[in-house]
Amino acid sequence: MIFRFTLLLAICSAVYAYTVRYPHERPGVPVSERWQKLTAKGQPLAPWAGPWACVLDKKNGLIWEVKTDNESIHDGYWSYSWFDGRAGQANLGDCYFESERCDTLDLIRRANQEAQCGVSNWRLPSAEELQSLLYYQGKTGDALIDKGFFPHTKHGDYWSGQAQQPLTSSFRHLGYGALAVNFGTGETLALPYRNAAFVRLVSQLD
Amino acid sequence: MSIYKGNLFWVLLHLGAIVIVVINLLTGLRIASVSRPLWQSISAILPQGLIHPLHFTSGILLIVLVIGYIGWRLLTRGQRPKPVKPQALNFHRLVIRSGYLIFFGAMLSGLLAYFSLAPALVVAVHYYCALGIICYLLLHGGGYFVHYGMAAIKRILWPSRQLSPVSLGLLLLTFLLAGLGLQLSGKAAHVLLVAKVPLSQLIHIDGKADEAVWRQAETVDVLTQGGANFDNGQTRIRVQVVENGIEAFFHISWDDPTKSLKHLPLLKTQSGWQVEQQGFYNFDETRYYEDKLAVMVSNQCQAGGAGTVHLGPKPLADKPANWHGKGYHYSQDGAIRDLWHWKAVRTNNMILADDNYIGPPDKVRPGSRRYSAGYLQDGKESGAYVMNWRWYKPDVITPKRLPKSPELLTPYQQDNSDGLSWVIPWFDYQPYQAEHDNYPVGTRMPSVMYRSNRFEGDRADVRAFARWHQGRWSLELSRKLDTGSEYDVPLRHGVCLWVSAFDQSQVAHTRHALPIQLEFSGA
């Protein structure tokens, strides 16, 4: 009887030891093969860490600006007309950081002065580079981008640096404009320079 | 051991009882772990996933087995040898007799809880009976094993081959009863008659519910339990629904002694601004959170949340574990369940409920710390509430905005701030600058901001407004019967509802087993 009692005790102890050995699981940090968060000083961050200012595209060797909602120059609400200092239309977008209204050159100038993430050669992306951000597996109603890395992205047009594009349909009479990628629909279309569209700057990885 | 216990009927019944009691116990402990985190320490041996149907089914089967056992005892009374002198109450007999009491208590309290008829004491009885069953299994099973060794095991595994006509009849009857019980339990619901009101009848979504229609509308009262902060975890939720052919109107009220609007407020400390919380980091805040109410609308009516409640830290093998260890909401049949989430601060001031849904598990997104499985929001065209911190950290945060004038925070420093909206008026605040941050240690600031308009689009389909008065929330909601959205469930005859109240808690809501099934008048 003592043996059987000991056996019973041993079984109970083994069950208890098993529960101690395997406590309930905690979430593990998943790895993104393509995206790497960077701090404002350019230091890499784990996927869940923050705040982050830029995202490194490991696949294409690009560093992307991350939009915010903190009313800095990177705020995702600000819009810009397309202007490169020669072509385009200056100061027809909406932002709070310029005394006049905003254009793409204003953001590029301010971002390069700021050297966010250690980058001082920010530029407008090509349409192809912007299209590479399109992501169709987001949550319901999300903009077509991986919002875990690119928050505050709007369902709207984002300027590319590709200007001198002939305008079509109702914009035909305005002549030429620049290509923009719409993150609500995924379409790429030429828009008049005067349009107020969003901007996400990019830089080539050195 | 009694000589009749090699009987085939008894052996089958006993084996069935062992399996069913173990299932019942393990599923019950997993369910208990949602409200009693202590049980998460044995999570490794508890089942995960869709636990409630298993618990309910095994509970019904246990009741049927007990009925079968009582029947067998009665019908074979004459066949049992009568003791010459009264038997002494030995250890095994004492344990078995105690077991009768414990199992009776567990089954009766379980039945009452299933039908939302169990006051707090009965819910406690159910829990403590479960603990009693653990002791019973050790003392009864362990006791026989220690006393008789393998002979006891043989006796419960190897029956005689004889099956008397009485036993055979009882066996068939037990199976029949089991089938009937499961069939009936699948159809049980709190039926709520939905009266049709004329289109000319105006119903204001103002939380007052002072229109005549509410005095005439039928009411369903559901005693929900298991929520954090409520008295004994329980609150009685009263539901009324009317419709006018285009829209449905809901009046839902529930007891909540405290009006909780302090939603993750910011507190100035020696080291900077801090988010007041005690469980937010694990997405399970139960102290500094707004009151809420959730309504789930589903074409599926299975007890226990229409098959959307998957308990345990990691119910999906190929998806991340959850932070609080409680579980996930998602559907497995590909269909969506509509979920309206009224929030006392974030959406009440928008006169909306957050229109969400529960669908199949979402894909894993490496950039997001919180994986919410099938609990997702309908899409929106614009509008948002945002929190007043740049990046959440448990220790110190940087606010996005500060008041233009320190006086704006004065009302929030009082003990009784229930009369305030606890929403930051955007234009009374300005972007954070360290040189403007001269607030003394101990200053409290709200953290919910409306940056733009209220929600617009699919996420704004449910209008809602609630008032709190003398320990009770009164909420009115309205939604089109059919929005046409693939993320909404049309409101029609036979559709089922579940309601859950949250008392200053993020996820620890009350719950009930059986659905409230809508019966449209004239349908």
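Coordinates for the structure precede this section.
Remember, predicted model here, so these are calculated numbers, not experimental data. (Residues numbered from 1 in each chain as written. Chains lettered and ligands numbered in written order. Predicted model: local features only at pLDDT ≥ 70, side-chain atom pairs only at ≥ 80, totals over all residues. Heavy atoms only, no water.)

A.B. asks: Explanation requested: the interface of chain B and chain A in the structure shown.
C.D. replies: By a widely used convention, the size of an interface equals the accessible area lost when the partners come together. The partner chain A presents 39 residues to the 46 residues of chain B that form the contact. At the surface where chain B touches chain A, the tally comes to three salt bridges. Applying the counting rule to chain B against chain A returns 15 residue pairs in polar contact (both at pLDDT 80 or more). For the side of chain B that touches chain A, the secondary structure elements donating two or more residues are α4 (120–148) and β12 (375–377) of chain B. (Contact = heavy atoms within 4.5 Å. Salt bridge = Lys/Arg side-chain N within 4 Å of Asp/Glu carboxyl O. Polar contact = N/O pair within 3.5 Å; in protein donor to acceptor, adjacent residues only side chain to side chain. Helix = DSSP H or I, 4+ residues; strand = E, 2+ residues; numbered from the N terminus.)

A.B. asks: What is the right way to look at the pairing of strand β3 (residues 54–57) of chain A in this model?
C.D. replies: Every regular strand shows the same layout, with side chains that alternate between the two sheet faces. Residues and elements named next belong to chain A. Both faces of β3 are covered, namely the face carrying Cys-54 and Leu-56 and the face carrying Val-55 and Asp-57. Alignment of strand β1 (residues 35–38) against β3, held across four bridges, turns out to be antiparallel. Following the sheet pairing, Gln-36 is matched in β3 by Leu-56. For β3 and strand β4 (residues 62–65), the ladder comprises four bridges, and the chain directions are antiparallel. Bridge assignment links Val-55 to a residue of β4, and that residue is Trp-64. The loop that links β3 with its antiparallel partner β4 comprises four residues; one of these, Gly-61, has a positive phi angle of about 65°. (Buried < 20%, exposed > 50% of the residue type's maximum accessible area, 1.4 Å probe, protein only. Pairing = 2+ DSSP bridges.)

A.B. asks: Explain the state of the cysteines to me, please; I cannot follow it from the model alone.
C.D. replies: Working definition: the covalent bond between the sulfur atoms of two cysteines is a disulfide. Summed over the entire model, instances satisfying the criterion amount to three disulfides over all chains. What pairs with Cys301(B) in a disulfide is Cys496(B), and their sulfur atoms sit 2.0 Å apart. Negative torsions about the S-S bond denote left-handed disulfides, and the value of about 105° found for Cys301(B) with Cys496(B) makes this one right-handed. Of this pair, Cys301(B) sits in the loop between β7 (292–298) and β8 (309–311) while Cys496(B) sits in strand β21 (residues 496–502), placing them 195 residues apart in sequence. Judged by relative accessible area, which is 22%, Cys301(B) ranks as partly exposed. The connectivity of the disulfides in chain A is 1-4, 2-3, where the numbers refer to bonded cysteines in sequence order. No disulfide involves Cys129(B); its sulfur sits 11 Å from that of Cys135(B), the nearest cysteine. Free cysteine Cys135(B): the closest other cysteine sulfur is in Cys12(A), separated by 11 Å. We classify Cys135(B) as partly exposed; its relative accessible area is 44%. (Disulfide = S-S within 2.5 Å.)

A.B. asks: Where do I start with the side chain of Lys343(B) in this structure?
C.D. replies: Residue and element names in this part refer to chain B. Relative to the assigned elements, Lys-343 resides in strand β10 (residues 337–343). Residue classification places Lys-343 among the buried positions, given a relative accessible area of 4%. Separated by 2.8 Å, the side chains of Lys-343 and Tyr-385 make a polar contact. Not counting residues within four places of it along the chain, the set of residues in contact with Lys-343 comprises Glu-290, Asp-291, Lys-292, Asn-348, Asp-354 and Tyr-385.

A.B. asks: Please clarify how the environment of Ile351(B) should be interpreted in this entry.
C.D. replies: Its place among the elements puts Ile351(B) in the loop between β10 and β11 (352–358). Those residues within four positions of Ile351(B) in sequence are excluded, and the remaining contacts are Ile205(B), Arg454(B), Arg463(B), Ala464(B) and Phe465(B).

A.B. asks: Looking at this model, I keep getting lost on the pairing of strand β2 (residues 220–224) of chain B. Mind explaining?
C.D. replies: Residues and elements named next belong to chain B. Here β2 lies mainly inside the structure; four of its five residues are buried. Note: β2 against strand β3 (residues 235–243), five bridges, orientation antiparallel. Paired with Val-222 across the strands is Ile-237, a residue of β3.

A.B. asks: What's the story with the pattern of salt bridges in this structure? I'm lost.
C.D. replies: Pairs can form between side chains of opposite charge whenever their charged atoms are close. All chains considered together, the criterion is met by 22 salt bridges over all chains. Residue Lys400(B) is joined to Asp69(A) by a salt bridge in which the shortest nitrogen-to-oxygen separation is 2.6 Å. Here Lys400(B), found in the loop between β13 (385–387) and β14 (401–403), pairs with Asp69(A), found in the loop between β4 and α2 (104–114), and the two come from separate chains. Using a relative accessible area of 7% as the deciding quantity, one classes Lys400(B) as buried. For Arg109(A), the salt bridge goes to Glu98(A), with nearest N and O atoms at 3.3 Å. Here Glu98(A) lies in the loop between β4 and α2 and Arg109(A) lies in helix α2, a separation of 11 residues in the sequence. If you follow the salt bridges from partner to partner, you end up with Glu98(A), Asp106(A), Arg109(A) and Arg110(A) in one network.

A.B. asks: What is the right way to look at the packing of aromatic side chains in this model?
C.D. replies: Each aromatic ring pair is summarised here by two numbers: the centre-to-centre distance and the angle between the ring planes. Tallied over the full model, the rule gives 30 aromatic pairs over all chains. Measuring from centroid to centroid gives 6.1 Å for Phe280(B) and Trp389(B), while their planes differ by 65°, and the two rings are edge-to-face. Pair noted here: Phe280(B) is in the loop between β6 (272–275) and β7 and Trp389(B) is in the loop between β13 and β14, with a separation of 109 residues, a long-range link. Plain terms: the ring middles of Phe283(B) and Trp323(B) are 6.4 Å apart, the flat faces sit at 70° to each other, and that makes the pair edge-to-face. You can see Phe283(B) sitting in the loop between β6 and β7 and its partner Trp323(B) sitting in the loop between β8 and β9 (327–329), a full 40 residues away along the chain. Across this residue pair, the class does not change: Phe283(B) and Trp323(B) are buried. Taken together, the ring pairs in this structure connect Trp48(A), Tyr281(B), Phe283(B) and Trp323(B) into an aromatic cluster. Seen from the ring of Trp52(A), Lys37(A) lies directly overhead, with NZ or CZ sitting 3.8 Å from the centre. (Phe/Tyr/Trp six-rings, centres within 6.5 Å; stacked < 30°, edge-to-face > 60°. Lys NZ or Arg CZ within 6 Å of the ring centre and 35° of its normal.)

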